[in-house]
Amino acid sequence: MGPVFTPLGGGGARDVSAREAQGDAQAVGVVFSGGAAAVAVHGFGDQCQAEAAVFFAVQGVVALKEARQGVVGDGGCGAVVQAEGGVAAALCNGEGEGAAFRGGAESGELSSVFTFHHLKVDYKNQQKWALQPFDFAALKTLISDWQTGMAAGNAWNALFWNNHDQPRALSRFGNDREHHHASATMLASALHMLRGTPYVYQGEEIGMTNAYFDDIADYRDIESTNLYAIEKAAGRDAAAIHELLRARSRDNARTPMQWTAGAQAGFTSGTPWLRVNPNRREINAGAATRDPRGIYAHYRALIQLRKTQRVVQDGDYSPLLAEHQQIFAYRRENDEASLVVLANFYGEVAKAPLADTAGYRLLLGNYPDSPTTLEEDVLLRPYEALVYLRQKV
């Protein structure tokens, strides 16, 4: 069994002083000036039962190696850093020593790094509350740069679309109304075959969507309610503000988990702090787990591929069709096999012109009649994703 990596969010991290840390190897707090981000460390088994939050800032990551060693030691644990905003700039954009160095296997500091750059490609002028369609070219470039850059430093990526501070990726990068299943499974396929450790956020595996609330009383996120008050005071129309909130509010990811089609989605017999998404009747765990070709089954298939195909675990990454305006494509390759992944991020048919396609067989597709062999000109249907494998002789 390998290390379990878990990001801490909200009130999950324990803020402790350096003095406390001196007397408690399981609680380390490293204090710096400026903004902060959290590093979570989780152990497993009898060797390491540690959980700590290490806070650091733009000024530098001094003592990080010592802090990690004091908590993790050689017990086989992992340390994960969430890098965002100014901290991401310091760690990941060339200032200081870089995320690949901090997260490299030889650094003795971090096991994996979260970056949020790819979740800002729909920010107009880099402003969260300014809407625009997502920049697909930028999304592909960011994913590829992090894949190749971290690999060059023998470092490991955290792979994710969703978390508690982001709207639902299915509603953001897919079409959750007309192509719900295809969008959800395409996004999963595109992500899970990459180099790194995939993270699945609650409800993602059954296709949960944004909440699309239309009453400010339904929101609890302080950022959202503050925005509404500020924009209303400035004279902005309420409908326009709700358009922003439906697209960007963090509460879109925080609605109760939809277990059943029943009252409160089976989450509680009481009143949850956030209103349940009305689409619980169609989208819920009960229905998802009964569908052999549903979104949940697709996630299980992707996880099984990672367990059984070594090329998914350790294969090199190289981008394909980098200039294509609809398709995200890449190859994973090791000494045993080559894997090709094709993902159409749009609702129109797209052609993937490929070379060197002989010998590839279908591993997984998100349409029931996916082509069983890889051809030189592949037509991808709306939000179609295909995964092909070729064994080496």
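Here's what I pulled together on the structure shown here. (Residues numbered from 1 in each chain as written. Predicted model: local features only at pLDDT ≥ 70, side-chain atom pairs only at ≥ 80, totals over all residues. Heavy atoms only, no water.)

**Concerning the sheet that holds strand β9 (residues 337-344)**
Taken together, the five strands give an open sheet; going across it, the order is β7-β8-β9-β13-β11, and neighbouring strands pair in antiparallel fashion. Since the sheet does not close on itself, it has two edges, and those belong to β7 (316-320) and β11 (361-365), each with one partner. When strand polarity is set aside, the average angle formed by the axes of neighbouring strands in this sheet is 20°. In the packing of helix α5 (residues 136-152) onto the sheet, contacts are made with β7 and β8 (327-333), and the angle to β8 comes to roughly 15°. (Pairing = 2+ DSSP bridges. Helix = DSSP H or I, 4+ residues; strand = E, 2+ residues; numbered from the N terminus. Axes fitted to C-alpha atoms, helices over the stretch in contact; angles between N-to-C directions. Contact = heavy atoms within 4.5 Å.)

**Points about the environment of Met208**
Structurally, the position occupied by Met208 is in the loop between β6 (197-198) and α8 (222-233). The sequence separation of Met208 and Asn252 amounts to 44 residues, and the corresponding C-alpha distance is 9.6 Å. Among residues more than four places away in sequence, those in contact with Met208 are Arg168, Leu170, Gly203, Thr255, Pro256, Met257, Gln258 and Ile283.

**Looking at the packing of α8 against helix α9 (residues 238-248)**
Between α8 and α9, the shortest axis-to-axis distance is 10 Å and the interhelical angle comes to 155°. When the interaxial angle is binned, α8 and α9 end up roughly antiparallel. Note that α8 runs across α9; the crossing there is right-handed. Residues Ser224, Leu227, Tyr228, Glu231 and Lys232 of α8 lie in contact with α9, whose contacting residues are Ala238, Ile241, His242, Leu244 and Leu245. Taken together, the residues of the contact of α8 with α9 sort by class into six nonpolar, two polar and two charged. (Parallel < 35°, antiparallel > 145°, perpendicular 65-115°, else oblique. Left-handed = near helix turned anticlockwise from the far one by under 90°. Nonpolar A, V, L, I, M, F, W, Y, C, P; charged D, E, K, R; others polar.)

**Focus on α5**
Between the first and last C-alpha of α5 there are 24 Å, a value that for 17 residues agrees with the 24 Å anticipated at 1.5 Å per step. Listed in full, the buried residues belonging to α5 are Phe136, Leu139, Lys140, Ile143, Ser144, Trp146, Gln147 and Met150. Angularly, the buried residues of α5 cover 155° about the axis, an arc narrow enough to put them on a single face. Away from the buried face of α5 by more than 90 degrees, exposed residues Ala137 and Ala152 are located. Remark: Asn154 follows α5 within two positions and exhibits a positive phi of approximately 55°. (Expected span 1.5 Å × (residues − 1). Buried < 20%, exposed > 50% of the residue type's maximum accessible area, 1.4 Å probe, protein only. Arc of directions from axis to C-beta.)

**Some remarks on the packing of aromatic side chains**
Under the criterion given, the structure shown has 15 aromatic pairs. Ring centres of Phe114 and Phe160 lie 5.1 Å apart, and the angle between their planes is 55°; this geometry places the pair in the tilted category. Taken together, the residues span a long stretch of sequence, with Phe114 in strand β4 (residues 112-115) and Phe160 in the loop between β5 (158-159) and α6 (169-173) at a distance of 46 residues. What makes Phe160 buried here is its relative accessible area of 2%. When the centroid spacing of 5.2 Å and the interplanar angle of 85° are considered together, the rings of Phe134 and Phe173 count as edge-to-face. Of the two residues, Phe134 sits in the loop between β4 and α5 while Phe173 sits in helix α6, which places them 39 residues apart along the sequence. (Phe/Tyr/Trp six-rings, centres within 6.5 Å; stacked < 30°, edge-to-face > 60°.)

**Quick word on the packing of helix α7 (residues 180-192) against helix α11 (residues 295-308)**
Contact geometry of α7 with α11 gives a least axis separation of 10 Å together with a crossing angle of 15°. With respect to each other, α7 and α11 are oriented roughly parallel. The hand of the α7/α11 crossing is right-handed. For the pair α7 and α11, the contacting residues are His180, His181, Ala184, Thr185, Ala188, Ser189 and His192 in the first and Ile295, His298, Tyr299, Leu302 and Arg306 in the second. Residue composition of the contact of α7 with α11, by class: five nonpolar, six polar and one charged.

**Side note on the environment of Tyr360**
Within the element layout of this structure, Tyr360 appears in the loop between β10 (350-353) and β11. Using a relative accessible area of 2% as the deciding quantity, one classes Tyr360 as buried. Along the backbone, Tyr360 and Ala337 are 23 residues apart, and their C-alpha atoms lie at a distance of 9.9 Å. Aside from chain neighbours lying at most four places away, what touches Tyr360 is Arg331, Ser338, Leu339, Val340, Thr372, Thr373, Leu374, Tyr388, Leu389 and Arg390. Here the side chain of Tyr360 touches Ser338 through a polar contact of 2.6 Å, side chain to side chain. (Polar contact = N/O pair within 3.5 Å; in protein donor to acceptor, adjacent residues only side chain to side chain.)

**Description of the nonpolar core**
Within the largest apolar cluster, 46 residues are counted, with the highest numbers of intra-cluster contacts made by Trp161, Met193, Phe328, Leu339 and Phe345. Residue contributions to this core peak at seven residues, all from α7. Ignoring anything within four residues of it in the chain, the contact list for Met193 reads Leu302, Leu305, Arg306, Val312, Tyr330, Arg332, Leu339, Val341 and Val387. Core analysis: the next-biggest nonpolar cluster, separate from the first, contains 14 residues, Leu320, Val340, Ala350 and Tyr388 among them. (Core = buried A, V, L, I, M, F, W, Y, C linked by side-chain atoms within 4.5 Å.)

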